[in-house]
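# Structural characterization, general
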Amino acid sequence: MAASTDSVFIFNSLLFLIGGFLVFWMAAGFSMLEAGLVRSKNVTMQLTKNVALFSLAAIFYYLIGYNLMYPLGNWSIGTDETGGYLGAFGVAVLEGVGVARDGADDYGYASTGSDFFFQLMFCATTASIVSGTLAERIKLWPFLIFTIILTALIYPIQASWKWGGGFLDSQYGFLDFAGSTVVHSVGGWAALAGALILGPRIGKYADGRVTPMLGSNLPLATLGTFILWLGWFGFNGGSQLAMGTVGDVADVSRIFANTNTAAAGGAIAALILTQVMYGKVDLTMVLNGALAGLVSITAEPLTPSLGAATLIGAVGGVIVVFAVPFLDKLKIDDVVGAIPVHLFAGIWGTLAVLLTNSDATLMGQVIPIIIVGVFVFVVSGVVWFILNAIMGIRVSEEEEINGLDMAELGMEAYPEFSKG
């Protein structure tokens, strides 16, 4: 017996709300991961950036981003039929207090509030990715201004091309279930553009060698990774976007299981590979291997078998182990490894859809990856360039050496340990 429309509405809304607060918890994961992987003199700065970027995302996604991403046919440029390019401008509006079924915006689906809440969390996640790459040398306020532009305009515009009924969906049949490209690679491209303009940390690439700059707190980084792993069940599971039928709930369960095993595959691949390559296991690589596995399965967490999901995640872990030293060879300083995890593994995950989903086509995956990449990288690069020209995005050499906590904020994360 099919569920009533009331039940479908309730269960779908509940999925969005539960998935949404799980993805919200990923903000804590990013904060802890970054706080653990930066040096102690920069920990307060990373924590401040993460609280601020999430809050700014919440406000500007409400003011601009939500309707840009979901124009509901009201495209400023393009149409649903031909493919939209630029969504609608206007603030998000929720349903009335105590709304009845005849007053619901979409009675056959879910409440507007639950949908807005869930989608906002994805937007904020994109901004979190940028924070870690540019750590230890970027000024606070230019970073926050970039966050506003990313969450209000860059992320919602490209996300509308797939999830809002835009041209990547209608013209290319692009498949990206929960955002290996739409969320993760976007954060990676924005971070890469910033890293190129910002330059590496002082002493990172001195005398032709790579100087390791070890994180301050590996227990905290490990906690952050497990928090992100937990949040990903909401990230991928909630992206089923429905929980009103037996099939939907079974699919959500399958997504949870595949998401989990992909993370495990990424972690174990990185664990084994670092042992083989370096003679010792590298915990930071294992942590990023797990995250790369999660990113890799995000584009298609439903159709793979458990075995296929494990292997897809494992490839993500391998990518990280090779991509981190590759970036160092190019002298691109990524403090937490976010570019290998979110950009490189995001591209791989989007291509891996071809392995298990028969609806995917090679050009239907490759061309959108390129379009999104070029758009985000170029626009982000222009924004970073303008910010650098107007106000400068990098702290002074003295401030960087002394640490951003005291230079930018005047407070330390671990004051009792700095006095000797």
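See the structure shown above.
These numbers were taken from a predicted model, which means no experiment stands behind them. (Residues numbered from 1 in each chain as written. Predicted model: local features only at pLDDT ≥ 70, side-chain atom pairs only at ≥ 80, totals over all residues. Heavy atoms only, no water.)

### Considering the overall build of the protein chain
Helix and strand content of the protein chain: 14 helices and zero strands. Helices and strands in the protein chain line up, N terminus first, as α-α-α-α-α-α-α-α-α-α-α-α-α-α. By the compact-globule yardstick of 22 Å for 420 residues, the protein chain fits well, its C-alpha radius of gyration being 21 Å. Here the C-alpha coordinates of the protein chain stretch approximately 70 × 45 × 40 Å along the principal axes. Counting the 420 residues in the protein chain, one finds 55% classified as buried. Taking the intrachain contacts of the protein chain between residues at least 6 apart in sequence as the baseline, contacts between residues at least 24 apart amount to 78%. (Helix = DSSP H or I, 4+ residues; strand = E, 2+ residues; numbered from the N terminus. Rg over C-alpha atoms; globule rule 2.2 N^0.38 Å. Buried < 20%, exposed > 50% of the residue type's maximum accessible area, 1.4 Å probe, protein only. Contact = heavy atoms within 4.5 Å.)

### So, unusual backbone geometry
Despite not being glycine, Leu-72 has its phi angle at roughly 55°, a positive value. Along the chain, Leu-72 turns up in the loop between helix 2 (43–69) and helix 3 (112–133). With phi around 55°, Asp-207 is a residue other than glycine that occupies positive phi space. Within the secondary structure, Asp-207 is located in the loop between helix 6 (180–198) and helix 7 (218–237).

### With respect to helix 2
For helix 2, which comprises 27 residues, the first-to-last C-alpha distance of 33 Å sits more than 12% below the rise-based estimate of 39 Å (1.5 Å per residue). If you look at helix 2, its biggest bend is around 65°, right at Tyr-61. (Expected span 1.5 Å × (residues − 1). Bend = angle between axes of the 7 residues up to and from the residue.)

### Points about the packing of aromatic side chains
If you walk through the whole model with that rule in mind, you get 20 aromatic pairs. Ring centres 6.0 Å apart and planes at 70° place the aromatic pair Trp-189 and Phe-377 in the edge-to-face group. Linking Trp-189 in helix 6 with Phe-377 in helix 12 (residues 362–390), this pair joins segments that are 188 residues apart in sequence. Owing to a relative accessible area of 18%, Trp-189 belongs among the buried residues under this scheme. On the numbers, 5.9 Å between centres and 15° between planes, the contact of Phe-226 with Trp-229 is stacked. Separated by three residues within a single helix, Phe-226 and Trp-229 lie in helix 7, roughly one turn from each other. Since its relative accessible area comes to 53%, Phe-226 is described here as exposed. Members of the aromatic cluster, connected to one another through ring pairs, are Phe-16, Tyr-109, Phe-118, Phe-122, Trp-163, Trp-232 and Phe-235. If you follow Lys-49 out to its NZ or CZ, it ends over the ring of Phe-143, 4.8 Å from the centre. (Phe/Tyr/Trp six-rings, centres within 6.5 Å; stacked < 30°, edge-to-face > 60°. Lys NZ or Arg CZ within 6 Å of the ring centre and 35° of its normal.)

### Details of the side chain of His-342
Its location among the elements puts His-342 in helix 11 (residues 338–356). When its relative accessible area of 4% is taken as the criterion, His-342 is described as buried. Within the local environment of His-342, its side chain forms a polar contact with the side chain of His-184, the two groups lying 3.0 Å apart. With residues near it in sequence (within four places) discarded, His-342 still touches Phe-30, Ile-129, Ser-180, His-184, Ser-185, Trp-232 and Val-295. (Polar contact = N/O pair within 3.5 Å; in protein donor to acceptor, adjacent residues only side chain to side chain.)

### Quick notes on the pattern of salt bridges
Within this structure, the stated rule accounts for six salt bridges. Between Glu-400 and Arg-394 there is a salt bridge; the shortest N-O distance is 2.8 Å. For Glu-400, a relative accessible area of 4% corresponds to the buried category. Residue classification places Arg-394 among the partly exposed positions, given a relative accessible area of 24%. Put simply, Arg-39, Glu-136, Arg-201 and Asp-333 are held in one network by salt bridges that share partners. (Salt bridge = Lys/Arg side-chain N within 4 Å of Asp/Glu carboxyl O.)

### A short note on the side chain of Gln-365
Along the polypeptide, Gln-365 turns up in helix 12. Beyond its immediate stretch of four places on either side in the chain, Gln-365 contacts Gly-173, Phe-174, Leu-175, Thr-350, Val-353, Leu-354 and Ala-360.

### Looking at the nonpolar core
Counting 100 residues, the largest nonpolar core has Val-130, Tyr-155 and Trp-384 as its most contacted members. With eleven residues, helix 2 is the single largest residue contributor to this core. Ranked by size, the runner-up nonpolar core spans five residues in total, among them Ala-262, Ile-297, Ala-309 and Ile-312. (Core = buried A, V, L, I, M, F, W, Y, C linked by side-chain atoms within 4.5 Å.)

### Let's talk about a nonpolar patch on the surface
A cluster of nonpolar residues, Trp-141, Ile-145, Ile-370, Val-374, Val-378, Val-382, Phe-385, Ile-386, Ile-390 and Met-391, forms a patch on the protein surface that exposes about 990 Å² of accessible area. Here the nonpolar patch takes seven residues from helix 12, the largest share from any one element. Within the secondary structure layout, Val-374 lies in helix 12. Residue classification places Val-374 among the partly exposed residues on the basis of a relative accessible area of 49%. (Patch = residues over 30% accessible without salt bridge, like charges linked within 9 Å, V, L, I, M, F, W, Y side chains within 5 Å. Areas by Shrake-Rupley, 256 points an atom, 1.4 Å probe, with all protein chains shown as cover.)

### Comments concerning the environment of Gly-265
Among the secondary structure elements, Gly-265 is positioned in helix 8 (residues 246–278). Residue Gly-265 is classed as buried on the basis of its relative accessible area of 7%. With 29 residues separating them along the chain, Gly-265 and Leu-294 place their C-alpha atoms 9.3 Å apart. Ignoring sequence-local partners within four residues, the contact set of Gly-265 consists of Thr-310, Gly-313 and Ala-314.

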